[in-house]
Amino acid sequence: HSPPEQPGDKPTETGEVQRMEVCHWPCRCLPVPICTPGVSLVKDGCGCCKVCAKQAGEPCNEADVCDPHKGLYCDYSGDEPRYETGVCAYLVAVGCEVNGVYYANGQTFQPNQLYKCLCISGTIGCSPVFTPRLAGSPCTRVPGRKKSGQSICGLGQHKQLQSTNYRLMSAYRSLPLVLKKKCLIQATPWTPCSRTCGIGISSRVTNDNRKCEMKKEKRLCFIQPCLTNMLKKIKIPKGKTCQPTFQLPTAEKLVFSGCSTTQRYKLTFCGVCLDKRCCIPSKSKMITVQFECPNEGFFRWKMMQITSCVCQKICSAPGDIFSQLKLL
């Protein structure tokens, strides 16, 4: 006896297997789900409801779509001849290179204990490593308090609570908090300067704007001039191995993209060390500089003006996206 036919297995008059319909209209949606970190919330393949996208290796169909933000597609090749249910797989694409290590497209890796990352078609996406909250209340109740049920958390418990909420992580919120026109100002730390010498660019994400929206902000940075002969002439105090800062003898105009500043500046630069330490900015202020271009008018840029530097053993190359990660 042949096995009973399943819905969707019935051949049509042309001999083709008819696929089961997974979309039904009018749309009937369940409440919008809360997806786990790193999983995209997308509209289903029927164009109806918000759903958590399927991940690599999970079953998929016309309704249950694979995560498009991770370069996934639904591979139906294993469901011949119906081609009704597939498995989410990565599109063939280029991998990623981070600090000299090559990762294949779709590969998950953990560069340090704080972040897990995913390589997607040459682009790297990272999410914080969450510490699970302990069962029950993580804070101890204090008897004898005036308010009933009042509890107190120790410093270590506060840090544990913060590690479970990414919005409280230092990468997303800077202290002290400032409230400006009903907007709680938040900002990520400035990235390291893109160049170790000459004028480079650093960036951050902040909502310090009229609309209180998180936007990318850029500024110029100038750590050292690209003059090796001048760096060799820097005098290091007797008995010391480093000179944290130095200045050029005279004020000079800055040149950026073929344009020069309308004013001359006598900037403070980070110095040099006789040992293997490197000097990086520790304190700075923001200034606005105006550039004049030949026959092309003017433009303005915000720029970091260094006021002091610190010399340290931890030296990272510019562009190292993990160099600023620290334990909370």
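Residues numbered from 1 in each chain as written. Predicted model: local features only at pLDDT ≥ 70, side-chain atom pairs only at ≥ 80, totals over all residues. Heavy atoms only, no water.

- The protein chain is annotated in an unreviewed UniProt entry as WISP3 protein of Cinclus mexicanus.
- For the protein chain, the Subcellular location (unreviewed entry) comment in UniProt is given as "Secreted".
- The Sequence similarities (unreviewed entry) comment attached to the protein chain in UniProt states, word for word, "Belongs to the CCN family." (UniProt positions renumbered as here; feature names shortened; annotations may be inferred.)

1. Considering the overall build of the protein chain
Move 1: Helices and strands together make up the secondary structure of the protein chain, namely two helices and 22 strands.
Move 2: Burial statistics for the protein chain: of 328 residues in total, 30% are counted as buried.
Move 3: Long-range pairs, those at least 24 residues apart, make up 42% of the contacts in the protein chain between residues at least 6 apart in sequence.
Move 4: Summed over all atoms, the accessible surface of the protein chain reaches about 22500 Å², with 54% contributed by carbon and sulfur. (Helix = DSSP H or I, 4+ residues; strand = E, 2+ residues; numbered from the N terminus. Buried < 20%, exposed > 50% of the residue type's maximum accessible area, 1.4 Å probe, protein only. Contact = heavy atoms within 4.5 Å. Areas by Shrake-Rupley, 256 points an atom, 1.4 Å probe, with all protein chains shown as cover.)

2. Some details on the state of the cysteines
Move 1: Here the structure, examined in full by the defined rule, presents 12 disulfides.
Move 2: Covalent S-S linkage joins Cys60 and Cys74, the inter-sulfur distance amounting to 2.0 Å. On the sign convention where negative means left-handed, the S-S torsion of about 95° between Cys60 and Cys74 marks this disulfide as right-handed. In this pair, Cys60 sits in strand β3 (residues 59-60) while Cys74 sits in strand β4 (residues 72-75), placing the two residues 14 residues apart along the sequence.
Move 3: In this structure Cys60 comes out as buried when scored by relative accessible area, which is 1%.
Move 4: With relative accessibility at 18%, the residue Cys74 sits in the buried group. (Disulfide = S-S within 2.5 Å.)

3. Things to note about the packing of aromatic side chains
Move 1: Under the criterion given, the structure shown has six aromatic pairs.
Move 2: Between the aromatic rings of Phe256 and Trp301, the centroid separation amounts to 5.7 Å while the plane-to-plane angle is 80°, which identifies the pairing as edge-to-face. Separated by 45 residues along the polypeptide, Phe256 in strand β18 (residues 255-256) and Trp301 in strand β22 (residues 297-312) bring together distant segments of the chain.
Move 3: Among the residues examined, Phe256 registers a relative accessible area of 15% and is labelled buried.
Move 4: By way of ring pairs, the aromatic residues Phe256, Phe291, Phe299 and Trp301 are connected into one cluster.
Move 5: The ring of Trp190 carries the charged tip of Arg219 above its face, separated from the ring centre by 4.1 Å. (Phe/Tyr/Trp six-rings, centres within 6.5 Å; stacked < 30°, edge-to-face > 60°. Lys NZ or Arg CZ within 6 Å of the ring centre and 35° of its normal.)

4. Comments concerning the side chain of Asp67
Move 1: Topologically, Asp67 is positioned in the loop between β3 and β4.
Move 2: Those residues in contact with Asp67, other than ones at most four positions away along the chain, are Gly38, Val39, Ser40, Ala53, Lys54, Gln55 and Leu72.

5. A few points about the pattern of salt bridges
Move 1: Taken as a whole and judged by the stated rule, the model has four salt bridges.
Move 2: Across the pair Asp275 and Arg277 runs a salt bridge, and its minimum N-O distance is 3.1 Å.
Move 3: Judged by relative accessible area, Asp275 falls into the partly exposed class, the value being 32%.
Move 4: Residue classification places Arg277 among the partly exposed positions, given a relative accessible area of 30%. (Salt bridge = Lys/Arg side-chain N within 4 Å of Asp/Glu carboxyl O.)

6. Topic: the sheet that holds β4
Move 1: Spatially, β3-β5-β4 is the arrangement adopted by the three strands of the open sheet, whose pairing is antiparallel. The outermost strands of the open sheet, each flanked by one partner alone, are β3 and β4. (Pairing = 2+ DSSP bridges.)

7. Focus on the nonpolar core
Move 1: With 19 residues, the main nonpolar core has Leu220, Phe222, Leu254, Leu267, Val289, Phe291 and Met303 as its most contacted residues.
Move 2: When residues of this core are traced back to their parent elements, those giving at least two are β16 (215-222), β20 (268-273) and β21 (278-293).
Move 3: For Leu254, the contacting residues outside a window of four places in its chain are Ile199, Phe222, Cys259, Ser260, Thr261, Tyr265, Leu267, Phe291 and Met303.
Move 4: Listed in part, the 11 residues of the second largest apolar core include Cys193, Cys270, Cys273 and Ile306. (Core = buried A, V, L, I, M, F, W, Y, C linked by side-chain atoms within 4.5 Å.)

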